[in-house]
Amino acid sequence: MTVPLSTLPVRFRGARGASGPVTLGQRNVLRWLGSDGDRSDVLPVFVELAPGHTLAEVVSALGVLVARHEALRTRFVPDAPDGPVQCVQAAGEVELELHELRGDPWQFVGELVWRAVLVPFDVVNGLPLRVLAVTGADGAPLVVVLLFCHVAVDAAGAAIVGDQLRALLAGRDDLDQEPGHQPLDQAEWEQSEVGRRRTRSALRYWDTRLRQVPQAMCALPPHPDGVPGHLERRMLSSAVASALRTIAGRTGASHSTVVLAAGAALLGVHTDTPAGAMVSICGNRFRSAWREYVGPLAQDALVPFTLAPEATFDELVSQVQATTINAYRYAQFDSVQLWEVIDAVGRERGTYFHRDAVFNDLGATGASAASQAPEDPVAALADTRLEAMPDRSLPTAFLLTLGGVDETTADIRLHTDTTRFPDVDGFLLALERLLVTAATGEPRVRDIAAITGVVPVARGADWQVIDSSWVDLARVRELVGGPVRVEDGRIVAEVAGGADTPAAAHARVLAQLPGSPAAMAPHHYVIQAADRTPIGEGSGR
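Now for a quick tour of the structure. (Residues numbered from 1 in each chain as written. Predicted model: local features only at pLDDT ≥ 70, side-chain atom pairs only at ≥ 80, totals over all residues. Heavy atoms only, no water.)

### A short note on helix 2 (residues 55–68)
So, point 1. Along its 14 residues, helix 2 runs 20 Å from first to last C-alpha, staying within 8% of the 20 Å computed at 1.5 Å per residue.
So, point 2. For helix 2, every residue scored as buried is listed here: Leu55, Val58, Val59, Ala61, Leu62, Gly63, Leu65, Val66, Ala67 and Arg68.
So, point 3. The secondary structure elements touched by the buried residues of helix 2 are strand 1 (6–13), strand 6 (91–100), strand 7 (129–135), strand 8 (141–149) and helix 4 (155–169). (Helix = DSSP H or I, 4+ residues; strand = E, 2+ residues; numbered from the N terminus. Expected span 1.5 Å × (residues − 1). Buried < 20%, exposed > 50% of the residue type's maximum accessible area, 1.4 Å probe, protein only. Contact = heavy atoms within 4.5 Å.)

Below you can see the structure in the form of structure tokens.
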């Protein structure tokens, strides 16, 4: 591992030091922090510096930011008697690690950060921020890398701190006062009657939607070219930036909504699921006081969509815009309570909710987004670049990310389970073709396969749509351990041996569903003696 040449202390003094209950977002992260090998607890932000800056300026700006944002100077007591506690430190210091650039800048910085991301934070004894500075041979800073623990910030919060560091180094002088809304204030609001009412409404929304949407969007047979593993690729496209500018201007939808609609359309066509749903990670920064809030505020929103064959792409965007706005109203909750709702619905439906199709918008799109993108998106297709992303394993099968839209280029990333989605590049380019076609014409949903080459997956005779979900009856037979059949849209199973009750058989099948997105528990169980004589029956629910 690269050893820093030296370190500099970044001293801070904030307006207050205090302790209190954690926020819903902090509590959610603390539950999986350090225990889920599929998730990193480290979020990096890169700040490139213009020539002429000094390390003293960097240290001063960092001191202002840590003083300004209490989340960056907070330690945690995860197992306090009355629940987890956040402890804001009034004063102290963090270290700025100095690394002298050697060789190719991008490769050096990339390897440096990749190693740093693998080192977990100690949220009990340490602060949730580490800072690296890459310097030239003359000691002048070239790049500052902020490494945040996820319990301190979400992607939007990390971006806010990065933007404010750039602003301070550019001469902005109004950031020395702390913003009003801090995580301690957020926790207090969440415990108020208004906050509790909001979380109760969120749980009711999820309960209703979970009874309607497919249990898994990616219930697919293995792809003939698929191999076990995960892959993430990034597409940098001025053609998409141009298309987004046109479509957003025409529909009034955000760039984020347009990309989500395109991703949902392609996924719905490929999986042959015209009435589907995606999880969209909601930033939850709707209130004016929360706009520059630094803390983990983002949570899941469940966004249903319907692909009507005759609908135009603009109409699909409008639909997704409406359902997304509604879903975002219900994206603040206690994750344990939500999973209690998910499990209760699953027991009743005989399903397990697979969070396998996810959309995330990492970019805070500004007024200048796509302003300098080419006028002709078709001609700009020749400039598209596809790049590899670092290897990582995530608990999703399909994660579409809008990395951001700057003046000329859109950054879109796709992370997939390569057993089911081996051609990541092809899917990204199909998304680009769909958006460019939508910007230059009036395609309908029925045209998407012809436009993009993304066609419905082939399924065998054992696959049926049951209760809005694609189900592989062969897999259900394996889980049940006996024959199953479908009667009037309901799965009936025969359980031989006489040892089970319907309730026990149902519980046994439910326990096996988490790893089986194409399976569903039967609606009715016929319990048989060893000689196949029926001795009991029921739903088991």
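### As for the packing of helix 6 (residues 193–210) against helix 10 (residues 335–349)
So, point 1. Look at helix 6 against helix 10: their axes get within 10 Å of each other, and the N-to-C directions meet at 25°. One way to sum up the angle between helix 6 and helix 10 is to call them roughly parallel. The two elements helix 6 and helix 10 meet at a crossing, and its hand is right-handed. The residues of helix 10 that touch helix 6, namely those facing Leu203, Trp206, Asp207 and Leu210, are Gln337, Leu338, Val341, Ile342, Val345 and Arg349.
So, point 2. Of the residues belonging to the contact of helix 6 with helix 10, the class tally is seven nonpolar, one polar and two charged. (Axes fitted to C-alpha atoms, helices over the stretch in contact; angles between N-to-C directions. Parallel < 35°, antiparallel > 145°, perpendicular 65-115°, else oblique. Left-handed = near helix turned anticlockwise from the far one by under 90°. Nonpolar A, V, L, I, M, F, W, Y, C, P; charged D, E, K, R; others polar.)

### Comments concerning the sheet that holds strand 2 (residues 18–21)
So, point 1. The three strands are arranged 2-5-4 in an open sheet whose pairing can be described as antiparallel. The strands lining the two open edges of the sheet, one partner per strand, are strand 2 and strand 4 (74–77). The average angle at which neighbouring strand axes cross in this sheet is 25°, direction not considered.
So, point 2. Note that strand 2 and strand 5 (residues 85–88) share four bridges and pair antiparallel. (Pairing = 2+ DSSP bridges.)

### Topic: the side chain of Ser238
So, point 1. Tracing the sequence through the fold places Ser238 in helix 7 (residues 238–251).
So, point 2. Sequence-distant contacts of Ser238, defined by excluding residues within four places in its chain, comprise Ala373, Pro374, Ala380, Asp383, Thr408 and Thr409.

### Here we look at unusual backbone geometry
So, point 1. Notably, Asp272 is not glycine yet its phi reads approximately 55°, a positive angle.
So, point 2. With respect to the helices, strands and loops of the structure, Asp272 is situated in the loop between helix 8 (255–271) and strand 10 (275–282).
So, point 3. A positive phi is found at Asn284, a non-glycine position, where the angle reads about 60°.
So, point 4. Tracing the backbone shows Asn284 in the loop between strand 10 and strand 11 (299–306).

### Let's talk about the environment of Trp189
So, point 1. Within the fold, Trp189 resides in helix 5 (residues 183–191).
So, point 2. Residues Trp189 and Thr23 lie 166 residues apart in sequence; the distance between their C-alpha atoms is 9.2 Å.
So, point 3. Excluding residues that lie within four positions of it along the chain, Trp189 makes contacts with Val194, Gly195, Arg198, Arg287, Trp290 and Gln332.

### Quick look at the pairing of strand 19 (residues 490–495)
So, point 1. The sheet contact formed by strand 18 (residues 484–487) and strand 19 spans four bridges and is antiparallel. Along strand 19, the bridge assignment pairs Val484 with Ala493.
So, point 2. If you look at the hairpin formed by strand 18 and strand 19, you'll find two residues sitting between the two strands, and Asp488 has a positive phi there, around 55°.
So, point 3. The parallel pair strand 19 and strand 20 (residues 524–528), bridged by helix 15 (residues 502–511), forms a crossover whose chirality is right-handed. (Right-handed = clockwise from strand over helix to strand, strands pointing away.)

### Side note on the packing of aromatic side chains
So, point 1. Following the criterion strictly, the structure yields eight aromatic pairs and no others.
So, point 2. Taking 4.8 Å as the distance between ring centres and 15° as the angle between the ring planes, the aromatic pair formed by Tyr205 and Tyr330 counts as stacked. Linking Tyr205 in helix 6 with Tyr330 in the loop between helix 9 (313–328) and helix 10, this pair joins segments that are 125 residues apart in sequence.
So, point 3. With relative accessibility at 8%, the residue Tyr205 sits in the buried group.
So, point 4. Of the residues examined, Tyr330 reaches a relative accessible area of 16% and is grouped as buried.
So, point 5. An aromatic cluster of at least three residues, connected via ring pairs, comprises Trp206, Phe333 and Phe353.
So, point 6. Over the aromatic face of Phe121 sits the side chain of Arg130, whose NZ or CZ is 4.1 Å from the ring centroid.
So, point 7. We note Arg459 situated over the ring of Trp470; from NZ or CZ to the ring centre the distance is 4.0 Å. (Phe/Tyr/Trp six-rings, centres within 6.5 Å; stacked < 30°, edge-to-face > 60°. Lys NZ or Arg CZ within 6 Å of the ring centre and 35° of its normal.)

### Considerations on the sheet that holds strand 1
Hydrogen bonding along the main chain pairs the strands of a sheet, whether they run parallel or antiparallel.
So, point 1. On the basis of which strands lie adjacent, the open sheet formed by five strands has the order 1-6-7-8-3 and mixed pairing. Every interior strand has two partners, whereas the edge strands, strand 1 and strand 3 (42–48), have only one. Taken pair by pair, the neighbouring strands of this sheet meet at an average axis angle of 25°, ignoring direction.
So, point 2. Pairing geometry for strand 1 and strand 6, over eight bridges, is antiparallel. Following the sheet pairing, Pro9 is matched in strand 6 by Glu95.

### Quick word on the environment of Asp122
So, point 1. Inspection of the secondary structure puts Asp122 in the loop between helix 3 (105–117) and strand 7.
So, point 2. Taking the C-alpha atoms as reference, Asp122 lies 9.1 Å from Cys149; in sequence the two are 27 residues apart.
So, point 3. Polar side-chain contacts of Asp122 include one of 3.0 Å to the side chain of Asn125. (Polar contact = N/O pair within 3.5 Å; in protein donor to acceptor, adjacent residues only side chain to side chain.)

### Description of the pattern of salt bridges
So, point 1. In the structure shown here, the tally under the stated rule is 29 salt bridges.
So, point 2. A salt bridge links Arg16 to Asp185, with the nearest nitrogen and oxygen atoms 3.4 Å apart. One end of the pair, Arg16, is in the loop between strand 1 and strand 2; the other, Asp185, is in helix 5, and 169 residues separate them in sequence.
So, point 3. Arg477 is the salt-bridge partner of Asp462, the closest N and O atoms lying 3.3 Å from each other. You can see Asp462 sitting in the loop between helix 13 (448–452) and strand 16 (463–466) and its partner Arg477 sitting in helix 14 (residues 473–480), a full 15 residues away along the chain. (Salt bridge = Lys/Arg side-chain N within 4 Å of Asp/Glu carboxyl O.)

### Description of helix 3
So, point 1. Spanning 13 residues, helix 3 covers 18 Å between terminal C-alpha atoms, matching the ideal 18 Å at 1.5 Å per step.
So, point 2. Every buried residue of helix 3 is listed here: Phe108, Val109, Leu112, Val113, Ala116 and Val117. Considered in projection along helix 3, the buried side chains sweep an arc of 155° and stay on one side of the axis.
So, point 3. N-capping of helix 3 is provided by Asp104, with a side-chain oxygen placed 3.3 Å from the backbone N of Trp106. (Arc of directions from axis to C-beta.)

### Here we look at the nonpolar core
So, point 1. Ranked by size, the top nonpolar core spans 57 residues in total, and within it Met278, Phe313, Phe398, Ile412 and Leu435 carry the most contacts.
So, point 2. For Ile412, the residues in contact, after removing those within four places along its chain, are Arg233, Arg234, Met235, Val240, Val259, Leu400, Thr401, Leu402, Leu428 and Leu431.
So, point 3. Grouped together as the second largest cluster of nonpolar side chains are 37 residues, Phe12, Leu72, Val131 and Val153 included. (Core = buried A, V, L, I, M, F, W, Y, C linked by side-chain atoms within 4.5 Å.)

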